[in-house]
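Residues per chain, in single letters:
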Amino acid sequence: MTENLRPVPWWQIWVNPIFLRYTRSRLRPAPLITWIILVLTVATSIFFLFYYSSLYRLKASPPAAAKDAFYPILFFQMVILLFMGTGSVAGGISRESADGMIDYQRLTPMTPLAKIIGYLFGLPVREYVLFAVTLPFTIFCINEGNIPLGVISEVYGILLTSAILYHLTGCVAGTIVKRRHFAGRVAQIMVILLYFVLPTFSQLGFVFFEYLTMRPVIIEQFESVRGPIFGGFPSPEKIGEVLLFEWKLNTVNFSLLIQCSLIVIFLSILYRKWRQPTNHLLGKNFSFVVHFWILTLITGNALPIIKDKTQFTGGRSQRAAEILIEQRTSEKNGNSNDIEQIDTQEAVDTLTQSGILASLGIGFLALTFGMITITTPDSDKFTRALRKARKLVSNSEPTKKTSENQNKEKIKAPLNADGATGLWHALGFSILTFAAWSIIIQYAPNLVGIDATKYNPTILRIIPLGLILYAMCYHAILERFGKRTLLLFVILGWFVPLLTSSILGVRGIETIPVLLAGLSAIASPVYLLVLPIVNTSGDDRLMQISGYFSLFAHSVLLVFLWWTLNRHKIRIQKEVSNQEPSS
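Cut-offs and rules
- Residues numbered from 1 in each chain as written.
- Predicted model: local features only at pLDDT ≥ 70, side-chain atom pairs only at ≥ 80, totals over all residues.
- Heavy atoms only, no water.
- Helix = DSSP H or I, 4+ residues; strand = E, 2+ residues; numbered from the N terminus.
- Buried < 20%, exposed > 50% of the residue type's maximum accessible area, 1.4 Å probe, protein only.
- Contact = heavy atoms within 4.5 Å.
- Areas by Shrake-Rupley, 256 points an atom, 1.4 Å probe, with all protein chains shown as cover.
- Patch = residues over 30% accessible without salt bridge, like charges linked within 9 Å, V, L, I, M, F, W, Y side chains within 5 Å.
- Salt bridge = Lys/Arg side-chain N within 4 Å of Asp/Glu carboxyl O.
- Core = buried A, V, L, I, M, F, W, Y, C linked by side-chain atoms within 4.5 Å.
- Axes fitted to C-alpha atoms, helices over the stretch in contact; angles between N-to-C directions.
- Parallel < 35°, antiparallel > 145°, perpendicular 65-115°, else oblique.
- Left-handed = near helix turned anticlockwise from the far one by under 90°.
- Nonpolar A, V, L, I, M, F, W, Y, C, P; charged D, E, K, R; others polar.
- Phe/Tyr/Trp six-rings, centres within 6.5 Å; stacked < 30°, edge-to-face > 60°.
- pLDDT = per-residue confidence, 0-100.

Chemist: I'd love a proper account of the overall build of the protein chain, names of residues and values included.
Modeler: For the protein chain, the count of helices and strands is 25 helices and 2 strands. Looking at the protein chain as a whole, 48% of its 583 residues are labelled buried. Long-range pairs, those at least 24 residues apart, make up 79% of the contacts in the protein chain with a sequence separation of at least 6. Accessible surface computed for the protein chain: about 29100 Å², of which carbon and sulfur atoms make up 64%.

The structure is reproduced here in structure tokens:
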């Protein structure tokens with residue numbers, strides 16, 4: 001009897017009540033048969049279209065024709081698992097939350113991890129069955145095309161981890177987004193962004209984005225499974241080994257490293273939300289570890305790009321730099337001596353490298369803002385944390401008689417509590433961001449190690465401190481005034497100057513747009529990189545003026561925000577201290 005009352009272990013998915021519930025509801029014969037017929041129709045059409053085209057049109061051998069049909073079937077399987085499955089998970093979780101089933105499941109004697117596993121594999125169970133329906137075509141291609149099993153294990157191993165990662169993304173989206181029909185679309189849009197938008201940022205130093213998809217593995221194994229139909233396409237350049245600082249990892253291992261890291265992060269988010277729906281997405285200490293790990297991955301990928309000048313060629317940063325050099329040269333067409341003094345290749349390399357550094361700085365700042373948003377409490381959570389701390393102090397020392405001042409000193413929530421102030425963790429995030437950007441700047445060959453007639457080395461090494469200033473202003477506004485006021489400040493204080501600068505720049509006005517854009521923290525890495533330049537003139541001089549003024553203005557703002565935030569906390573502590581502790 002006691003054995004039957006024990007909670008189901010998380011790994012015994014075959015007896016998980018949530019998984020069994022969805023196997024019954026999502027695998028009902030009538031809709032399942034309809035879906036199977038639809039999937040078989042599409043898969044059969046895709047298979048024979050490519051197989052017969054290669055076999056009869058191009059007069060290829062059966063093994064070559066089977067290779068031609070392999071990738072189209074794989075792409076169809078990716079649509080089923082990654083796109084349809086993610087939408088089902090996100091929509092299902094959101095629907096469960098709207099119907100009150102999530103709150104009901106919290107009352108059941110199952111561990112949070114067992115509930116997560118049940119939803120993770122139960123909600124997309126139909127998509128897994130539909131994926132299995134297409135496997136006979138894959139098996140035929142493998143046998144007939146003599147495709148190496150090592151290639152198959154790598155491709156389908158990454159497909160499995162990608163499916164788990166994307167379905168966890170759907171779970172998180174369904175948990176956070178409260179609108180039941182909107183959650184599925186959000187998750188599917190995220191999948192599209194992962195495959196078609198974020199990989200383009202790899203040229204700006206964010207290499208790891210591309211490894212959230214299957215693209216690197218498919219490109220790496222493209223030649224192994226290439227038939228006559230795809231023979232006319234240009235061969236994609238093999239990635240080979242991925243550099244992480246001085247270590248070299250192959251494509252599969254690095255993809256597994258990135259995807260498994262995000263799987264652990266998403267599982268932690270869901271675990272906390274199952275324990276208590278009002279919890280932050282991540283705990284303060286764990287978010288610090290996550291921030292450090294993500295910065296380490298980005299920095300480790302970006303350093304080889306920064307160090308090697310050959311990595312600059314062909315990217316968007318180089319094309320933008322070339323356009324800027326052409327514009328500057330045309331502006332000096334009245335003075336031929338200035339044109340001769342321009343070292344075009346050196347200028348292009350420097351501007352290209354500065355563009356990558358600025359992009360990384362903006363990315364680091366955005367990541368810091370995100371972590372601060374996750375871990376910073378509002379006033380209500382701060383008040384509840386103080387009340388809980390006061391209650392714990394009262395219960396632990398019921399016989400001691402202390403003065404009011406002593407009681408006030410003891411009312412302090414633990415730093416790791418969700419309701420505790422996020423000041424110290426925000427400062428920690430900012431210091432890590434400062435360290436990461438400093439390391440990348442110090443290894444930039446066109447900026448460091450050159451003569452002091454072009455760059456001031458001291459200023460060059462301290463400009464990452466500006467990121468700490470902007471991040472702490474962001475935190476102070478968030479903790480003191482809340483998310484709505486913060487959103488209003490970001491729009492009016494940071495986005496409006498950029499938009500106004502763009503509009504005025506289109507009209508042909510030169511001075512004001514450069515000065516306005518510098519007020520925005522979003523453009524701050526660009527302006528910070530201009531500060532070390534010596535003997536500036538024209539737009540560079542205006543950017544320096546605007547950059548220094550922005551730092552001064554945000555410094556004054558930060559002092560005011562810390563003053564008002566401190567008064568706000570003292571007022572709340574006094575209110576809590578004067579309240580009678582509840583029993």
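Chemist: Tell me about the side chain of threonine 383, and please be specific about residues and values.
Modeler: Within the element layout of this structure, threonine 383 appears in helix H17 (residues 379-396). Excluding residues that lie within four positions of it along the chain, threonine 383 makes contacts with Ile572 and Val576.

Chemist: Before we move on, can you summarise a nonpolar patch on the surface with the specific residues and values?
Modeler: A contiguous nonpolar patch, built from Val79, Phe83, Ile189, Ile192, Leu193, Phe196, Val197 and Phe201 and spanning about 680 Å² of accessible area, is present on the exposed surface. Going through the elements one at a time, helix H3 (62-99) and helix H9 (180-196) are the ones with two or more residues in the nonpolar patch. Per-element accounting of the nonpolar patch gives the leading share, 4 residues, to H9. Since its relative accessible area comes to 38%, leucine 193 is described here as partly exposed.

Chemist: Please provide a residue-by-residue account of unusual backbone geometry, values included.
Modeler: Even without a glycine there, the phi angle at lysine 59 is positive, about 55 degrees. Looking at where lysine 59 falls in the secondary structure, it is placed in the loop between helix H2 (29-57) and H3. Not every positive phi belongs to a glycine, and phenylalanine 245 is a case in point at roughly 60 degrees. Considering the arrangement of structural elements, one finds phenylalanine 245 in the loop between strand E1 (242-244) and strand E2 (247-249).

Chemist: How would you summarise the pattern of salt bridges if you had to cite specific residues and measurements?
Modeler: Under the defined criterion, the tally for this structure stands at 7 salt bridges. A salt bridge links arginine 21 to glutamate 96, with the nearest nitrogen and oxygen atoms 2.8 Å apart. Separated by 75 residues along the polypeptide, arginine 21 in helix H1 (residues 17-26) and glutamate 96 in helix H3 bring together distant segments of the chain. Judged by relative accessible area, which is 29%, arginine 21 ranks as partly exposed.

Chemist: Can you lay out the side chain of serine 287 for me, pointing to particular residues and giving the numbers?
Modeler: Take serine 287: it is sitting in helix H13 (residues 284-307). Assessed through its relative accessible area of 0%, serine 287 is described here as buried. Setting aside residues no more than four positions away along its own chain, serine 287 makes contact with Leu282, Met371, Thr375 and Phe429.

Chemist: Would you mind going over the nonpolar core in detail, with residue names and values included?
Modeler: Judged by nonpolar contacts, the single largest core of 126 residues is most densely connected at Phe70, Leu74, Leu159 and Leu360. Counting residues in hydrophobic clusters, the runner-up holds 7 residues, among them Val514, Ala523, Tyr527 and Val530.

Chemist: Quick one: what's the story with the environment of leucine 159, residue by residue and with numbers?
Modeler: With respect to the helices, strands and loops of the structure, leucine 159 is situated in helix H8 (residues 149-176). For leucine 159, a relative accessible area of 1% corresponds to the buried category. In sequence terms leucine 159 and threonine 213 are 54 residues apart; their C-alpha atoms lie 8.7 Å from each other. Ignoring any residue separated from it by four or fewer positions in sequence, one finds leucine 159 in contact with Leu74, Met78, Leu81, Leu82, Phe131 and Met214.

Chemist: Describe the packing of H8 against helix H12 (residues 251-275), listing the residues and the values that go with them.
Modeler: Running from N to C, H8 and H12 point in directions that differ by 25 degrees, and their axes come no closer than 9 Å. What the angle tells us is that H8 and H12 run roughly parallel. Where H8 crosses over H12, the two elements pack in a sense that is left-handed. Residue-level inspection shows Glu154, Ile158, Thr161, Ser162, Ile164, Leu165, Leu168, Thr169, Cys171, Val172 and Thr175 of H8 in contact with H12, the latter providing Val252, Ser255, Leu256, Gln259, Leu262, Ile263, Phe266, Leu267, Ile269, Leu270 and Lys273. For the contact of H8 with H12, the class distribution of residues is 14 nonpolar, 6 polar and 2 charged.

Chemist: Explain the packing of aromatic side chains to me, and be specific about the residues and the numbers.
Modeler: A complete count under the given rule lists 26 aromatic pairs for this structure. Relative to tyrosine 474, the ring of phenylalanine 369 has its centre 4.3 Å away and its plane inclined at 15 degrees; by these criteria the two rings are stacked. One end of the pair, phenylalanine 369, is in helix H16 (residues 344-375); the other, tyrosine 474, is in helix H21 (residues 465-481), with 105 residues separating them in the sequence. No difference in accessibility class separates phenylalanine 369 from tyrosine 474, as the two residues are buried. Each member of the aromatic cluster is reached from another via a ring pair, and the members are Phe50, Phe70, Tyr71, Phe75, Phe131, Tyr156, Phe222 and Phe230.

Chemist: Quick one: what's the story with the packing of H2 against helix H6 (residues 125-133), residue by residue and with numbers?
Modeler: Relative placement of two packed helices is described by the angle separating their axes and the distance separating the axes. Contact geometry for H2 and H6: axes closest at 10 Å, N-to-C directions at 40 degrees. Classed by the angle they form, the pair H2 and H6 counts as oblique. In the crossing of H2 with H6, the sense of the turn from one axis to the other is right-handed. Residues Pro31, Leu32, Trp35, Ile36, Val39 and Leu40 of H2 touch H6, and the partners they reach there are Arg126, Val129, Leu130 and Val133.

Chemist: Can you break down the confidence of the model for the protein chain residue by residue, with the values?
Modeler: Counting all residues, the mean pLDDT for the protein chain is 83, and 85% of those residues have values of 70 or more. Least confident of the elements in the protein chain is helix H15 (residues 336-341), whose mean pLDDT is 45; most confident is H6, at 96.

Chemist: I'd like a rundown of the environment of glycine 547, residues and numbers included.
Modeler: When you line up the elements, glycine 547 lands in helix H25 (residues 539-578). Judged by its relative accessible area of 5%, glycine 547 is buried. For the pair glycine 547 and leucine 515, spaced 32 residues apart in the sequence, the C-alpha separation amounts to 8.2 Å. With near-sequence residues (within four places) excluded, glycine 547 lies in contact with Tyr527 and Leu531.

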